[in-house]
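# Reading the structure
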Amino acid sequence: MLAVSPKCTHEGCDVKWMAGEKKYECPCHSAEFAADGKVLKGPAKTNLTTYSAKVVGTQILVKI
Ligand code: FES
């Protein structure tokens, strides 16, 4: 399981999850990222930062 930082790697806007398309889109300059944070479309050139995560009982623990 992965946790994905919402900060776009282009200029730091918060990306939005597009559930229907299963990807993140940046509202500032239209970069797109896959569910695992990989760049699908620029201008961003670097993947979103990801962290390992796991479910423990009713909590999600993210290792930062
Ligand atoms: Fe996200 Fe520019 S800040 S594409």
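Structure's up top.
Rules of the game
Along each chain, numbering runs from 1 in the same order as the chain's sequence is written. Confidence filtering applies because this is a predicted model: local features only for residues at pLDDT of at least 70, side-chain atom pairs given and counted only at 80 or more, and all residues used for totals across whole chains, interfaces and linings. Think of the side-chain values as coming from all heavy atoms in the structure, minus any hydrogens and water. Secondary structure counts use DSSP, requiring at least four H or I residues in a row for a helix and at least two E residues in a row for a strand, with both numbered from the N terminus. Exposure is judged per residue with a 1.4 Å probe applied to protein chains only, and the accessible area is read against the type maximum: over 50% gives exposed, under 20% gives buried, and values in between give partly exposed. We call two residues in contact when some of their heavy atoms are within 4.5 Å. Here the open area of atoms and residues is found with the Shrake-Rupley method and a 1.4 Å probe, where only the protein chains shown may cover a residue. In this tally, Lys and Arg are treated as positive and Asp and Glu as negative; His is ignored, and so are the chain termini. One atom stands in for each charge, and that atom is NZ of Lys, CZ of Arg, CG of Asp or CD of Glu. For our purposes a nonpolar core is just a set of buried Ala, Val, Leu, Ile, Met, Phe, Trp, Tyr and Cys residues, chained together by side-chain atoms within 4.5 Å. Each pair of strands is called paired provided DSSP finds at least two bridges between the two strands. Every axis corresponds to a line fitted to the C-alpha atoms, with the helix fit spanning only the stretch in contact, and the corresponding angles, defined between N-to-C directions, vary from 0 to 180 degrees. The working definition used for a salt bridge is a side-chain nitrogen of Lys or Arg within 4 Å of a carboxyl oxygen of Asp or Glu.

Okay, the overall build of the protein chain next. What the protein chain contains, in helices and strands, is zero helices and seven strands. Going residue by residue from the N terminus, the α and β elements of the protein chain occur as β-β-β-β-β-β-β. Taking the principal axes of the C-alpha coordinates as reference, the protein chain spans close to 40 × 25 × 15 Å. For the protein chain, with 64 residues in total, the buried portion stands at 25%. A sequence separation of at least 24 residues applies to 33% of the contacts in the protein chain between residues at least 6 apart. Here the protein chain has roughly 4,400 Å² of accessible surface; of this, 55% comes from carbon and sulfur atoms. Charge centroids of the protein chain, computed over 9 positive and 6 negative side chains, lie 7 Å from each other.

Time to look at the nonpolar core. Across soluble globular proteins, nonpolar side chains show a tendency to be buried alongside one another. Residues Val 4, Cys 8, Val 15, Tyr 24, Cys 26, Ala 31, Phe 33, Ala 44 and Leu 48 constitute the largest nonpolar core, which totals nine residues. Every residue in contact with Ala 31, bar those within four places of it in the chain, is listed here: Cys 8, Tyr 24, Glu 25, Cys 26, Lys 41, Gly 42, Pro 43 and Ala 44.

Here we come to the environment of Tyr 51. Examined against the element boundaries, Tyr 51 turns out to sit in strand S6 (residues 50-56). For Tyr 51, a relative accessible area of 26% corresponds to the partly exposed category.

Spatial strand order, S1-S6-S7: three strands in an open sheet with antiparallel pairing. Taken across any chain shown, the strands that pair with only one partner, and hence form the sheet edges, are strand S1 (2-4) and strand S7 (59-63). Neighbour-to-neighbour, the strand axes of the sheet open up by a mean angle of 40°, direction not taken into account. The pairing of S6 with S7 spans five bridges and is antiparallel. Along S7, the bridge assignment pairs Ser 52 with Lys 63.

With that settled, the discussion passes to the pattern of salt bridges. All told, the structure shown has six salt bridges when counted by the stated rule. Note that Asp 14 is salt-bridged to Lys 7, the shortest N-O span being 2.7 Å. Relative accessible area serves as the criterion here: at 44%, Lys 7 is assigned to the partly exposed category. The salt bridge partner of Asp 36 is Lys 38, with a shortest N-O separation of 3.3 Å. Residue classification places Asp 36 among the partly exposed residues on the basis of a relative accessible area of 33%. Judged by its relative accessible area of 46%, Lys 38 is partly exposed.

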